[in-house]
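Each chain is listed here by its residues.
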Amino acid sequence: MHCLSNKQKLGLIIVIAVVALVLQYGLHQPLLAQIIVTVVGALVALTMFIGMVKTLRSGKYGVDLLAILAVIATLSVGEYWAAMVILVMLTGGDALEDYAANKANTELKALLDNTPRQAHVITPSGSTDVAVDAVHVGQQIIVKPGELVPVDGVVAAGHSDFDESSLTGEARPVNKDVGDEVMSGAVNGNEAVTIKVTKLAKDSQYQQLVKLVQEAESTPAHFVRLADRYAVPFTIVAIVISLVAWWFSQDPRRFAEVLVVASPCPLILAAPVAMVSGMSRASRNGVVVKTGSVLEKLAGAKTGAFDKTGTITNGHLAVAQVLPAGEVMPERLLHLTASAEQNSSHILARSLIKYAQEQQISLAPVADLNEVTGRGITATIEGHLIKAGKLRFVAPQTNQAALTTTAIYVSVDGQYYGAISFTDHIRPEAATTMTKLRKLGVNNLMMLTGDQRTIAQQVANRVGITTVKADLLPQDKIAALKSVPADRHPLFMVGDGVNDAPSLATADVGIAMGANGSTAASETADVVILKDDLAKVAKAVAISKDTIRIAKQAVLIGITICTILMLIASLGVIPAFIGAMLQEVIDTVSILWALKARQLHQD
């Protein structure tokens, strides 16, 4: 029976109960019914005892001892129907708790599906495709347009833009030229490049993400389940009352009668019911909470860590400022630049065209368009030679200092004409979310981002985050989370994208912005925000606090009623079977109270 799941145990015990009822009342074989119930009860008690020993060896404690004593005591004095009622409630509670704690175990699927498997290795006769694990350090490989970089290396020939959002979380492409480092997992842009391999596949950046998630998943944070916190004092009180009643009455049945009403069914049932109710309430609010214990950890959260791009910001670059040089009119600069960029597929060009359209800027026909990958474009607009792109490309002789934000620089007929800067807009609900979290007790708010410090600090200042850690790779985020002092836990991490998956798995609670986040982040996380709304993070914390408060109340109500009934049973006025049935009343009261967590008020 030890190998059976709690759901299977519940089903088996119900079947045995039905069989015993038929034997005793249908076939008039009470002895046979007693034997069957006693054997099954003994097996269940033995299974629970083995589980209790394992629990104690791991340094934990629970409500199992009292349950075992109740079953053994009732079977020993022949109150086998009382034992059967207790068994049904115990296994039913365990099965319900399993349901509340059910978690998908496919966290690594998205990461593994996207892991590079082949590389185009350059040979004397051309190139050949080999398994990525067979690539050696020092070899040269070709990465074609749109392909994933299979291993870490440096650009040996060519230049291109690389999308590193899966690694750093930043939306804007990064230009790589000869000598620049390229990380595995980055997506090549529009030009084929030759890369000299500097690390084996197993040591490269993308494979390290998989390893980090695996390590984090193998060492989950320890957290004591709610009911177990009350188990020790309740068990001691119950055993003391039972022994005193037995001592004074000299009747072993009195010991069993007290333990029956002391059976910890309310402790086992109330918390899981409240957890399921809270999870249901969260789901109605667009928040998927994967386990009941997550609610408990989130309710006590003291630290909240946030990625920047796609989490605090929208993750979509947009025009911030039009900065003309000298007496150039902003409309003229925007007109010429947008006209030149109208046929480009670059992310900045798309944002620029959208902005020009919103400003009702007309676009002129473009002629002699030439795109210089990684540098910019040249085009003829209204008879003028336009260069748009990086500062050193459009105006190499200018004394103009480069901006600290992403920008397109423009020259007209060789003269510097101005720049257009871009920003990733902060979510409108970000600042109020941070305020609400502080009111909920999450006083330590921090930003962990791969973006540069100046930009990250500006965003943090605007939303009310005081601690900023910038220029981070995924492993740096892991280190930052692990450096948070123990007295500032539980800690939750909010992020999206593959690069956040290890961080989400490392935190006590990982929260993924699932609407725009990657599958890997969503599956690794304990909480998934289905709607692209950061305010749902504060809502999740609030629901968790409500749920745990109601769960504690339900457990304490059950304990209080049980204690009163134990004192009454110690006087010998409650037979064991009646005591077991009274447990149903206690269970009902506890469950009805726990169900309040489903909807305390209109969400």
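What you see is a predicted model, and the numbers here were worked out from it, not measured in a lab. (Residues numbered from 1 in each chain as written. Predicted model: local features only at pLDDT ≥ 70, side-chain atom pairs only at ≥ 80, totals over all residues. Heavy atoms only, no water.)

## Re the nonpolar core
Ranked by internal contacts, the top residues of the largest apolar core, which has 40 residues, are Phe 306, Ile 312, Leu 437 and Phe 492. Considering every element that reaches this core, the biggest residue donor is helix H21 (residues 535-569), with six residues. Not counting residues within four places of it along the chain, the set of residues in contact with Ile 312 comprises Phe 306, Asp 307, Ile 426, Arg 427, Ala 430, Met 434, Met 447, Val 459, Val 463, Ile 465 and Leu 534. Counting 29 residues, the second-largest nonpolar core is a separate cluster that includes Tyr 80, Ala 82, Met 84 and Ile 86. (Core = buried A, V, L, I, M, F, W, Y, C linked by side-chain atoms within 4.5 Å. Buried < 20%, exposed > 50% of the residue type's maximum accessible area, 1.4 Å probe, protein only. Helix = DSSP H or I, 4+ residues; strand = E, 2+ residues; numbered from the N terminus. Contact = heavy atoms within 4.5 Å.)

## Some points on the environment of Thr 432
Residue position: Thr 432 is located in helix H16 (residues 430-439). When its relative accessible area of 43% is taken as the criterion, Thr 432 is described as partly exposed. In this structure, the C-alpha to C-alpha distance between Thr 432 and Val 463, residues 31 residues apart in sequence, is 7.8 Å.

## Comments concerning the side chain of Thr 337
Here Thr 337 lies in helix H13 (residues 330-341). Classification of Thr 337 as buried rests on a relative accessible area of 0%. Discounting chain neighbours no more than four positions away, the residues touching Thr 337 are Leu 352, Ile 408, Val 410 and Ile 420.

## Notes on the pairing of strand S17 (residues 415-426)
Within S17, nine of the 12 residues are buried, which leaves the element mostly enclosed by the surrounding structure. In this structure, strand S12 (residues 313-324) lies alongside S17, joined through eight bridges in antiparallel fashion. Bridge assignment links Ala 318 to a residue of S17, and that residue is Thr 423. Pairing of strand S16 (residues 407-412) with S17 involves six bridges; the strand directions are antiparallel. Residue pairing for S17: Ile 408 is matched across the bridge by Ile 420. (Pairing = 2+ DSSP bridges.)

## Looking at the environment of Arg 253
By the secondary structure assignment, Arg 253 is in helix H9 (residues 252-261). For Arg 253, a relative accessible area of 37% translates into the label partly exposed. Residue contacts for Arg 253: discarding those within four places in its chain leaves Val 77 and Glu 79.

## Considerations on the pattern of salt bridges
If you walk through the whole model with that rule in mind, you get seven salt bridges. Notably, a salt bridge pairs Asp 152 with Lys 199, separated by 4.0 Å at the nearest N-O pair. Remark: Lys 199 occurs in the loop between strand S9 (193-197) and helix H7 (205-218) and Asp 152 occurs in the loop between strand S3 (140-143) and strand S4 (153-157); sequence separation between them is 47 residues. Take Lys 199: its relative accessible area is 39%, and that puts it in the partly exposed class. A salt bridge links Asp 307 to Lys 477; its shortest N-O distance comes to 3.2 Å. Taken together, the residues Asp 307 in the loop between strand S11 (303-306) and helix H12 (308-312) and Lys 477 in helix H18 (residues 474-482) connect sequence positions 170 residues apart. By relative accessible area, Asp 307 is classed as buried at 0%. (Salt bridge = Lys/Arg side-chain N within 4 Å of Asp/Glu carboxyl O.)

## Re the packing of aromatic side chains
Within the structure shown, the criterion is met by two aromatic pairs. When the centroid spacing of 5.3 Å and the interplanar angle of 50 degrees are considered together, the rings of Trp 246 and Phe 255 count as tilted. Of the residues examined, Phe 255 reaches a relative accessible area of 14% and is grouped as buried. When the centroid spacing of 6.0 Å and the interplanar angle of 85 degrees are considered together, the rings of Phe 306 and Phe 492 count as edge-to-face. Separated by 186 residues along the polypeptide, Phe 306 in strand S11 and Phe 492 in strand S20 (residues 491-495) bring together distant segments of the chain. Like Phe 492, Phe 306 is buried. (Phe/Tyr/Trp six-rings, centres within 6.5 Å; stacked < 30°, edge-to-face > 60°.)

## Thoughts on the sheet that holds S4
Pairing is antiparallel in the open sheet, where six strands are placed in the order S2-S1-S3-S9-S4-S7. On the outer flanks of this sheet lie strand S2 (126-131) and strand S7 (181-182), each paired with one strand and no other. By the bridge criterion, two bridges tie S4 to S7 in an arrangement that is antiparallel. Within S7, the position partnered with Val 154 by the bridge is Glu 181.

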